[in-house]
Amino acid sequence: MSDKALFEYACRLGDDSLILGQRLSEWCGHAPMLEIDLSLANIGLDLIGQATHFLKLAGDVEGKGRDADALAFRRDVLDFRNCLLVEQPNGDFAQTIARQFLFSNWQELLFRDLTRSRNETIAAIAAKAVKEVAYHTRFADEWMVRLGDGTDESRGRIAAGLDWMWRFVDELFEVDAAIAPLIAAGIGADVRALRTEWDARVAKTLADATLELPKPRRATLGGRAGHHSEHLGHLLSEMQFLQRAYPGATW
Amino acid sequence: MYTTELDDNKKKPATVPSAPEDPVRLAAFEARVAADDFIEPKDWMPEAYRKTLIRQISQHAHSEIVGMLPEGNWITRAPSLRRKAVLLAKVQDEGGHGLYLYAAAETLGTSRDEMIEALHSGRAKYSTIFNYPTLTWADIGAIGWLVDGAAIMNQVPLQRTSYGPYARAMVRICKEESFHQRQGYEIMMTLAAGTAEQKRMAQSALDRWWWPSLMMFGPPDDNSPNSAQSMRWRIKRETNDQIRQKFIDVTVPQAEAIDLQVPDPALKWNETRGSYDFGEIDWEEFYAVVRGEGPLAKERMNARVKAWEEGAWVREAAMAHADKRRVRAAAE
């Protein structure tokens, strides 16, 4: 197994958590109610914690002296490996919830699988994170139901949010040549095998929310290869400001 | 994060109860408070005590919530993953404090919605400190160190305040504030030991936050007419000037330890008093900020009102959904 493949994989896992954590932290102080503010911050914190562990692993595997901060704050768009879903702007609360719903349901299944990874570090991170993500999923599922089966306005907004995010779903289940060997070696999770269970979970919650499953559409891909949306560059320019403006300083 | 008497006392007389209280009950109440008993929500209490507490606890809650904004301003720009996580956790704690304080105030017969409405309409006050801008990362350090440091000074005595729910909320809040103060000081320490640019940020933050932090303790005792009654009722346990002095005495050596200059040329150790003498506080600035003329007062309130109004559909949806569930459960 090449270290390059493992580096790539750890970056994908870490970047998904980092970018979504960053997005959620944008809500802090501005959420629709105090309880939601606290929950979003809490989920963001879990994700930033996961990112720290995965990016540390990436830096260790790479062996070039980059730590988690160097990877988080000093890579540019082309080197980020997160899926497109997590970098989508928060939009209104419905869009944020739709993104969280699709992602957390996927991440929970992914981490459940990764608890059995032959890479001990990945297995250990996943074992801790899967418990956190079970809460994220519950939070998102419950809000999907409240918004779908709430008022006409909330229903319209959550349907629109889901519609916006849906084109990024297929990317979550993509397996490319870069990680295929890791799956064969029992280190990475075969996300293709998670699709049926994910579909069933999503269908169940959408039924509870009295929402329809969005129609299939052409998948938008590219995040895993560094081909992102325009949104990521702006997110990074904000997140990386201090490290870029004052190179070499210790914070 | 902090509380004190924020009314513009130059304009208003001290609160006077609208109707005389039953003297027997009042005497019994005063005796319990004097004996350091806790007053609980179901106990009889004078109307003025209830009103003062609602005002004080809700101001405290509002300060926690508005206080999320200046620090929240830097979460997305925090310079490392660790700093980001710690700041996010800290700001989340402040939100949690707001939540228990609103709950404590609700035990006195008001509702969170009423309190929020009073904040948004400008009737209720919040700490003047949060109307100042956070310009650089060092301001996050200064807020933790000075603002949370001042909050601890104010709040430690309130763990023994006479109203039970408030005192108990304060026990938990004080534990968290002490972690906040340490993380703030640690940021300042790192910057002060860093590059010339970082040291400049740290000194600038101390220059800008020092005087507003001293103002957090409220007007001087000779201009704080509500204080005497609040002290007698043990809503307050130490006077504004006493706590302010204690804060200065603790904080000045901390600034010296990291080689930052406190921006007060009159600051001098007074051997006789065993305390620092310090310069004149600009009370005109304090009263202007209390009146809503702080540098960012309009921005802070706009941000709160915008979050509240834009979130209305979410709260309505949650209530509509809860109603539907109740109807369905009743039909089954």
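It should be emphasised that the depicted structure is a prediction, and the values quoted were computed from it without experimental measurement.

Q: Can you break down unusual backbone geometry residue by residue, with the values?
A: Residue and element names in this part refer to chain B. Its identity as a non-glycine residue notwithstanding, Asp36 has a phi of 65 degrees, on the positive side. Within the secondary structure layout, Asp36 lies in the loop between α1 (23-34) and α2 (47-66). Judged by relative accessible area, which is 44%, Asp36 ranks as partly exposed.

Q: Requested: an account of the interface of chain B and chain A, with residues and values cited.
A: Every contact between the two is made by 46 residues of chain B and, on the other side, 47 residues of chain A. Contact between chain B and chain A buries roughly 3900 Å² in total, counting both sides, with carbon and sulfur atoms accounting for 70%. Area buried by chain B at its contact with chain A is led by Thr76(B), Leu81(B) and Trp313(B), which between them contribute 21% of it. Of the charged contacts, one joins Glu35(A) and Arg112(B) as a salt bridge, the two residues approaching to 2.4 Å between their closest N and O atoms. The tally of links from chain B across to chain A stands at 16 residue pairs in polar contact (both at pLDDT 80 or more). Ranked by residues supplied to the side of chain B that touches chain A, first place goes to helix α4 (residues 81-106) of chain B with 13 residues. Per-class residue counts for the side of chain B that touches chain A are 25 nonpolar, eleven polar and ten charged.

Q: Residues and numbers for the packing of aromatic side chains, please.
A: Each aromatic ring pair is specified by the distance between its two centres and by the angle formed by the two planes. Residue and element names in this part refer to chain B. Counted by the stated rule, this structure contains 21 aromatic pairs over all chains. Among the aromatic residues, those joined into a cluster by ring pairs are Phe29, Trp44, Tyr49 and Trp233. Above the ring of Trp74, the side-chain terminus of Arg77 is found at 3.7 Å from the ring centroid.

Q: Pulling in residues and values, what's your account of the confidence of the model for chain B?
A: Chain-level pLDDT for chain B is 92 on average; 94% of the residues reach the 70-or-more range. Here residues 8-17 of chain B is modelled with pLDDT under 50, and outside its nearest four sequence neighbours on either side it reaches 19 contacts, counting other chains as well.

Criteria and thresholds
- Residues numbered from 1 in each chain as written.
- Chains lettered and ligands numbered in written order.
- Predicted model: local features only at pLDDT ≥ 70, side-chain atom pairs only at ≥ 80, totals over all residues.
- Heavy atoms only, no water.
- Helix = DSSP H or I, 4+ residues; strand = E, 2+ residues; numbered from the N terminus.
- Buried < 20%, exposed > 50% of the residue type's maximum accessible area, 1.4 Å probe, protein only.
- Contact = heavy atoms within 4.5 Å.
- Buried area = accessible area lost by both parts, 1.4 Å probe.
- Salt bridge = Lys/Arg side-chain N within 4 Å of Asp/Glu carboxyl O.
- Polar contact = N/O pair within 3.5 Å; in protein donor to acceptor, adjacent residues only side chain to side chain.
- Nonpolar A, V, L, I, M, F, W, Y, C, P; charged D, E, K, R; others polar.
- Phe/Tyr/Trp six-rings, centres within 6.5 Å; stacked < 30°, edge-to-face > 60°.
- Lys NZ or Arg CZ within 6 Å of the ring centre and 35° of its normal.
- pLDDT = per-residue confidence, 0-100.

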